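Descriptive structure summary
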Amino acid sequence: MKYFEDQVQAGEWDEVERYLCGFTKAEDNRYSMKIFFEIRKQKYLEALDRHDRAKAVEILVKDLKVFASFNEDLFKEITHLLTLDNFRQNEQLSKYGDTKSARNIMLIELKKLIEANPLFRDKLVFPSFKTTRLRTLINQSLNWQHQLCKNPRPNPEIKTLFIDHNCAAGTSNGTRAPPPTNSPLAGPVPKPGVFPPIGAHSPFQSFVAPSGSAIAGWMSNANASIPQAAVAAGPPSGHVQPPGAAAFLKHPRTPPGATGMGYQMADSGHLMKHFRSGQSEEVSFSGSTHPPNIYSQDDLPKAVVRNLNQGSNVMSMDFHPQQQTVLLVGTSVGDISIWEVGSRDRLAHKPFKVWDISACTMPLQHIVQTTLVKDVTISVNRCIWGPDGSILGVAFSKHIVQIYTYNPAGELRQHLEIDAHTGGVNDIAFAHPNKQLCIVTCGDDKTIKVWDAVAGRRQYIFEGHDAPVYSVCPHYKENIQFIFSTAIDGKIKAWLYDCLGSRVDYDAPGLWCTAMAYSADGTRLFSCGTSKEGESHLVEWNESEGAIKRTYSGFRKRSLGVVQFDTTKNRFLAAGDEFQIKFWDMDNPNILTVTDADGGLPAIPRLRFSKEGSLLAVTTNDNGIKILANTDGQRILRMVDSRSFEGSRGLSEAINVKQPIDGALGPITNVSSPIVPPERSDRVQPPISISPLAGVDSSRMADMKSRISDHVDKIKSWKLPDIVDPAQLKALRLPDPLTASKVVRLLYTNSGVALLALASNAVHKLWKWQRTERNPSGKSTASIVPQLWQPSNGALMKNDLSDVKSSEESAACIALSKNDSYVMSASGGKVSLFNMMTFKVMTTFMPPPPAATYLAFHPQDNNIIAIGMEDSTIQVYNVRVDEVKTKLNGHQKRITGLAFSQTLNVLLCLWNIDGWEKRKARPIQAPPGHTSSLVGETKVQFHNDQSHLLVVHESQIAVYDGQLECLRAAVLS
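Residues take numbers from 1 onward in each chain, read along the sequence in its written order. Thresholds applied to this predicted model are a pLDDT of at least 70 for local features of residues and 80 or more for the giving and counting of side-chain atom pairs; totals over whole chains, interfaces and linings are not thresholded and use all residues. Side-chain numbers here rest on the full set of heavy atoms in the structure, without hydrogens or water.

With omega at -5°, the peptide bond leading from proline 848 into proline 849 counts as cis. With respect to the helices, strands and loops of the structure, proline 849 is situated in the loop between strand E36 (841-845) and strand E37 (852-857). At the junction of proline 849 and proline 850, the peptide bond is cis and its omega measures out at -10° in the coordinates. Runs of E in the DSSP output that reach at least two residues are strands. Runs of H or I that reach at least four are helices, and both are numbered from the N terminus. On the secondary structure map, proline 850 appears in the loop between E36 and E37. One non-glycine residue, histidine 51, adopts positive backbone phi at about 60°. You can see histidine 51 is positioned in the loop between helix H3 (30-49) and helix H4 (53-64). Although it is not a glycine, histidine 399 sits at a positive phi angle of roughly 65°.

As structure tokens, then:
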């Protein structure tokens, strides 16, 4: 702090910022942003005080304009100071004194901000160290250099530290010489494997080789938590390296400003106590060998035993580490769900929302509140359980990581929300450096960050990738904690928890998106990835050499996406490719077997094994999940199903729960005892699919009962009881203090917690249900009166009206984005895009004629909107680039209904949404006895299975299949 204070008082602003950037950047958090703003504001005011307008304008444009997007009014006020003869004429700056006093006042404020900034924790006082520390480091370096001599002498002669030490040839017979006794740094000879005490000017000591099973030399002995323990774990840059480690240590990294002596210390307890002797001239770093697997294909989970309908595209899955049949699922619309796959119950469901926007950094607040729809869908990139299943982490496609606590009753509670990265958070994992549970994340900002899992404080940040980081794989060997990371440029790096840069830098096959994973016992390392050209690579790595040990064959030559993979039981690998699941024996590069899971898989299905390997979850192309099982898995599910049928949700320790341990954040309830959760009004029952029952092979009799049960449930879903008793209906009048006007469009939000109406006067009204004791879920219900909601400024969402037609004659249409953040609407005039949080209009487009009559968001890209028009055309419009991509013709009258099906890949009336060619059209059938042609509006909506269609006309309500064949119709009299 003393140096920083001196530079501030001297007005050396460039040096002040350069020094600060070693600790933080302006965008890290709100404290950092305020620090940089105050410094640049002071520099600006001093230029104005010197009447140096040119310098002031330069500072305003280059340094202060970056803050305009976060507080535009303040930036305008600062800019206005240029027009004043003396900026002290501004009321807020009227007490500004001379430059020296102003700097002192600012310095007091900066100290408060720095002390409050978590990034400066433990960095404000220079660390104390002993005066002999430099001599100790030199001694360690010389020891290491001497171990690498090909002809080591018992009495090495050290003349200088400016070049590497190397013993002259001719004095050794090839064996390791004993420790010297008359070195210039003479002292008592240390015991083998133990470094002398600090301050003891010791001679060179005997070398001890790293363990052969360790992950090369750089990692086998590096333990940041045990300083000054033995010899240096790796040579400084430019020194001779053991040939066995050369490939793995292709590019050892040393941070800027650090010397080659700043490497990790080694723990002598992790080293093998032997000397190098005989003809050997290198340190051995041979990798461990693996006994051949003894297996049966019956161990693979291949029988389909459950079908779960998630309702949206599944992006990530993870089985609970203790409760074998509990599955965590994350989707493309930001939802997470927890399924009990045995009973088919959805135990919990959480739609995406920012818990506390005020705690977010300014860039994220700006995205959430004011950014146009660059990508309105917040997707789950990864969801994962903590080591003991008491917590779970979710990484989203925009900035945020959310951590929940979980109890075995299925209850999720908010624990941490971290504004982790600028851009997307691409992966999340849990690790235990220093025996403390931490969260490891990576993102589009090219960094890897480590966070305290209890308080959410950032502990480490690793920088060095030149492209967005795609995945992380924390691991440990011989108590050495490290992280592998991969970036989308194909670079693989490894990091110790020391902020000294990456220890490894080599290329992944395919040079694009790659994920890494260890076998269950942690001894074998695999990676799977796909190149930009679609070539997929599944390989096993030789950790000792950083080289590929085995390449597995059998992938399609041109994959349609990034192939996903998983490992199980130290025996098998599985990957999704070509609408199938492909299995490999770890010791055989050829495919072991494949399965299509009875069909219905996407081209690149995502998959996940349970921790015991008896269950396998795989995604389907109808937004669902199939559960595959082996014999053990089927037995577990049958027992769970029978207990669920008997009314108990608790599962015995023998069938579903491993021995419980303390939770990561404290003790948790013993999950081995039966658990009967309380009634939860917000429990979401899984949607029921109506797709036909697939044929069952006679070899799958073990799961016949569950599949028949599925079929019975599907039949029952179409035989709902008639509503004939008035007591079955409940009416509720919504409060509306605004000007009364006819409601022309009405829809629920996707989250089910609000109701949105569009009135004939083009004004939108939004009613929200609050969370109360009577309604803990906050979902819509006729038992609770919702509140008409408006932002604090009292703004209204009002559409542009037609200049030709009256509001009563104009067609009204409305559509919500998947995450309920934006609403697209029209009332005869231009189409408007509104922010649902602020009610501000973001943009308007498509002025009539013709007027928009119906709107629908593309299911996979909220930037694409299908707009039905008054002139019977459908225009496919891209909001991001503000242009019509395609114009569809084929209807005869104005468009009154549009619906997308992601499963069928169509827009009604059936248009293929890849090439936008027309597939099929069919008029709705007139009811019996109806002689004249049908007139009036027709509305359409897809069922949750995305294959069946609800058609509503004033004459009928009908259900059609994907081929537009009428399955059932009810005539409306």
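Take the packing of H3 against helix H6 (residues 99-116) next. Every axis corresponds to a line fitted to the C-alpha atoms, with the helix fit spanning only the stretch in contact, and the corresponding angles, defined between N-to-C directions, vary from 0 to 180 degrees. Two elements in contact, H3 and H6, have axes separated by 9 Å at closest approach and are oriented at 170°. Between H3 and H6, the angle is such that the two are roughly antiparallel. Within the contact between the two elements, H3 uses Tyr31, Lys34, Ile35, Glu38, Ile39, Gln42, Glu46 and Asp49 and H6 uses Thr99, Ala102, Arg103, Met106, Glu109, Leu110, Leu113, Ile114 and Ala116. In terms of residue class, the contact of H3 with H6 is made up of nine nonpolar, two polar and six charged. Oblique is the label for every angle not falling under 35 degrees (roughly parallel), over 145 degrees (roughly antiparallel), or within 65 to 115 degrees (roughly perpendicular). Contact criterion: two residues are considered in contact whenever any of their non-hydrogen atoms come within 4.5 Å of each other. Charged means Asp, Glu, Lys or Arg here, nonpolar means Ala, Val, Leu, Ile, Met, Phe, Trp, Tyr, Cys or Pro, and polar covers whatever is left, Gly included.

With that out of the way, let us pick up the pairing of strand E46 (residues 956-960). With four of five residues buried, E46 is to be regarded as a mostly interior element. In this structure, strand E45 (residues 949-953) lies alongside E46, joined through five bridges in antiparallel fashion. Residue pairing for E46: valine 951 is matched across the bridge by alanine 958. Between E45 and E46, which follow one another and run antiparallel, lie two residues. DSSP-based pairing: two strands are paired if at least 2 bridges between them are found. Pairing of E46 with strand E47 (residues 966-971) involves five bridges; the strand directions are antiparallel. From the neighbouring strand, valine 959 faces E47, where its bridge partner is arginine 968. The loop that links E46 with its antiparallel partner E47 comprises five residues; one of these, leucine 964, has a positive phi angle of about 65°. Buried, partly exposed and exposed residues are distinguished by accessible area as a fraction of the type maximum, computed with a 1.4 Å probe on protein chains only: under 20%, between the cut-offs, and over 50%, respectively.

Before going further, it helps to spend a moment on the sheet that holds strand E16 (residues 491-496). Reading across the sheet, the four strands line up as E14-E15-E16-E17 and stay open at both edges, with antiparallel pairing between neighbours. Since the sheet does not close on itself, it has two edges, and those belong to strand E14 (469-477) and strand E17 (504-507), each with one partner. Strand-to-strand, the axes of this sheet are offset by a mean angle of 20°, without reference to chain direction. Relative to E17, E16 runs antiparallel, the two being bridged by four bridges.

The next point concerns the sheet that holds strand E19 (residues 525-530). Spatially, four strands are ordered E18-E19-E20-E21 in an open sheet, and the strand pairing comes out antiparallel. Single-partner strands in this sheet number two, and they are strand E18 (513-518) and strand E21 (547-552). Neighbour-to-neighbour, the strand axes of the sheet open up by a mean angle of 30°, direction not taken into account. Strand direction decides the pairing type here: strand E20 (residues 536-542) and E21, joined by five bridges, are antiparallel. Its bridge partner being in E21, tryptophan 541 is matched across the sheet by isoleucine 548.

This brings us to helix H2 (residues 13-21). Burial in H2 covers these residues: Trp13, Glu15, Val16, Glu17 and Leu20. Among the structural elements, helix H1 (2-10), H3 and H6 are those in contact with the buried residues of H2.

This part is about the confidence of the model for the protein. In the predicted model, the protein carries a mean pLDDT of 75, and 73% of its residues have values of at least 70. Averaged pLDDT values for the elements of the protein fall to 34 in helix H9 (residues 243-246) and rise to 96 in strand E11 (residues 438-443). Each residue carries a pLDDT score, the predictor's confidence in it, ranging from 0 to 100. Here residues 170-290 scores under 50 on pLDDT; set against residues more than four positions off or in separate chains, the count is 261 contacts. Within the model, the stretch residues 370-375 combines pLDDT values under 50 with 18 contacts to residues more than four positions away or in other chains.

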